[in-house]
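# Analysis of the macromolecular model
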Amino acid sequence: MTAPTGQLVRLFDEYREHYGARPDPAGSRTWLLKYLSSGALVAFVANRDDEAAGLALVAPIPASQRLGHFWQLRDLFVAPRHRRVGVGKALLKSVCGAAQENGAARLSLVTESDNGAALELYANAGFEPVSGYTSMSWSPRAESDGFADR
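A few points on the structure. If you're wondering where the values come from, they're calculated on a predicted model, not measured in any experiment. (Residues numbered from 1 in each chain as written. Predicted model: local features only at pLDDT ≥ 70, side-chain atom pairs only at ≥ 80, totals over all residues. Heavy atoms only, no water.)

## Here we look at the overall build of the protein
Counting secondary structure elements, the protein contains four helices and four strands. Listing the helices and strands of the protein from first to last along the sequence gives α-α-β-β-β-α-β-α. Across its three principal axes, the protein shows a C-alpha extent of roughly 60 × 35 × 35 Å. Surface exposure of the protein reaches about 10,400 Å², of which carbon and sulfur atoms provide 50%. A gap of 3 Å separates the mean positions of the 16 positive and 16 negative side-chain charges of the protein. (Helix = DSSP H or I, 4+ residues; strand = E, 2+ residues; numbered from the N terminus. Areas by Shrake-Rupley, 256 points an atom, 1.4 Å probe, with all protein chains shown as cover. Lys, Arg positive; Asp, Glu negative; His and termini not counted. Charge placed at Lys NZ, Arg CZ, Asp CG, Glu CD.)

## Overview of the sheet that holds strand β2 (residues 51–63)
If you walk across this open sheet you meet the four strands as β1-β2-β3-β4, and the pairing is mixed. Across the chains shown, the open sheet's two edge strands, defined by having one partner strand only, are β1 (42–48) and β4 (107–109). Sheet twist, expressed as the average angle between the axes of neighbouring strands with direction ignored, equals 30°. In terms of strand pairing, β1 meets β2 through seven bridges, oriented antiparallel. (Pairing = 2+ DSSP bridges. Axes fitted to C-alpha atoms, helices over the stretch in contact; angles between N-to-C directions.)

## Here's the deal with the pairing of β2
Hairpin connection from β1 to β2: two residues lie between these consecutive antiparallel strands, with Asp 49 at a positive phi of about 55°. Of the pairings in the sheet, the one linking β2 to strand β3 (residues 68–78) comprises 10 bridges and is antiparallel in character. Across the sheet, the residue bridging to Leu 57 is Asp 75, located in β3. Here β2 folds back onto β3 in antiparallel fashion, the turn holding four residues, of which Leu 67 has a positive phi close to 50°.

## Remarks on the environment of Thr 111
Structurally, Thr 111 is set in the loop between β4 and α4 (116–124). With 36 residues separating them in the primary sequence, Thr 111 and Asp 75 have C-alpha atoms 9.0 Å apart. Contacts of Thr 111, omitting those with residues within four sequence positions, involve Ala 118, Leu 119 and Tyr 122. (Contact = heavy atoms within 4.5 Å.)

## Quick notes on the nonpolar core
Formed by 19 residues in total, the largest nonpolar core has its most connected members in Phe 44, Trp 71, Leu 73 and Val 95. Going through the elements one at a time, β1, β2, β3, α3 (87–101) and α4 are the ones with two or more residues in this core. Tallying contributions element by element places α3 first for this core, with six residues. Once residues lying within four places of it in the same chain are set aside, the contact partners of Phe 44 are Gly 54, Leu 55, Ala 56, Val 58, Trp 71, Leu 91, Ser 94, Val 95 and Ala 98. Residues Leu 36, Leu 41, Ala 52 and Phe 77 belong to the second largest nonpolar core, which totals 14 residues. (Core = buried A, V, L, I, M, F, W, Y, C linked by side-chain atoms within 4.5 Å. Buried < 20%, exposed > 50% of the residue type's maximum accessible area, 1.4 Å probe, protein only.)

## Comments concerning the packing of aromatic side chains
The tally for this structure, following the rule as stated, stands at seven aromatic pairs. Note on Phe 12 and Trp 31: the rings are 5.2 Å apart at their centroids and 5° apart in plane angle, and the pair reads as stacked. Highlighted residues: Phe 12 in helix α1 (residues 6–18) and Trp 31 in helix α2 (residues 25–37), separated in sequence by 19 residues. What makes Phe 12 buried here is its relative accessible area of 6%. Taken together, the aromatic side chains of Phe 12, Tyr 15, Tyr 19, Trp 31, Tyr 35 and Phe 77 make up a single cluster linked through ring pairs. In this arrangement the basic side chain of Arg 106 is found over the ring face of Phe 70, its NZ or CZ atom lying 4.0 Å from the centre. (Phe/Tyr/Trp six-rings, centres within 6.5 Å; stacked < 30°, edge-to-face > 60°. Lys NZ or Arg CZ within 6 Å of the ring centre and 35° of its normal.)

So this is what it looks like as structure tokens:
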């Protein structure tokens, strides 16, 4: 994809607003263009009633141990007016099929532990919780390099 469609940009901006970001269609377009055109992300869009109803963004990730790659579902969003009619399920099915066709070793995702609707959708599609790992994050801070002197 060389340029995100207007419908994808509108839906992506709505997704960002859903999670508290300020509307920024120009910024959303620029961001999508950067990551979609570089291949860092792959976009899937579900349409309903001639309208973009849902989106999924996937990041292909190198899998060094397998000398291959896997896909990580980064974002899945269904516009509130299109929920509970199968849009999320259709999107997820499309993403899973494309991952398989692309030779991905697996499709992984992270979601909030209190997002019951998403957890149910993923479990019904065959996703299983991963145990034995701890999710951690590091953020650069001006006052510290993040490394404690011990």
